[in-house]
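Report on the structure
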Amino acid sequence: MSTLNTAEFKARLLEQRASLLSQLAALRGGNIGRAEASAEHFARREDSPAQTTTERDLEFALDDHETTEIAAVQAALQRIENGVYGECIDCGTHIPEARLKAAPEAARCIACQEKAEKA
Ligand SMILES: [Zn+2]
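Note that this is a predicted model, so its numbers are computed, not measured.

Criteria and thresholds
Residues numbered from 1 in each chain as written. Predicted model: local features only at pLDDT ≥ 70, side-chain atom pairs only at ≥ 80, totals over all residues. Heavy atoms only, no water. Salt bridge = Lys/Arg side-chain N within 4 Å of Asp/Glu carboxyl O. Helix = DSSP H or I, 4+ residues; strand = E, 2+ residues; numbered from the N terminus. Buried < 20%, exposed > 50% of the residue type's maximum accessible area, 1.4 Å probe, protein only.

Topic: the pattern of salt bridges
Inspection of every chain in the model, using the stated rule, returns 3 salt bridges. Across the pair E81 and K10 runs a salt bridge, and its minimum N-O distance is 3.2 Å. Here the residue E81 occupies a position in helix α4 (residues 65-82), and K10 occupies one in helix α1 (residues 6-27), the gap between them amounting to 71 residues. Close ionic contact of E97 with K101 constitutes a salt bridge, the shortest N to O distance being 3.5 Å. Here E97 and its partner K101 are both found in helix α5 (residues 97-102), 4 residues apart, which amounts to about one turn of the helix. Using a relative accessible area of 40% as the deciding quantity, one classes K101 as partly exposed.

Okay, here's the thing in structure tokens:
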């Protein structure tokens, strides 16, 4: 069982998302609704990366740092909702709280993150 205070992480993630969305909206001409819609769309796609790579590549040909960040934040919020926040999405181990404090959107433990980045 997780003893994490997810309320605290949720508040930080929501704040992070709001700030990323406004940056993205500014970059894309001020349409925050569209930026948010595409971020949520993108986050959902993380569930089945194998089938959607081509579509995703097309849709996000202009993929930028903000969109990727928002998707990571969105996915972290979803993990809070699902009660699995703080567990590595690859191996299921508990991600150290210090790592989550530094990066609340972290989805993997450090070992799995390194593997994912090399893959
Ligand atoms: Zn792991």
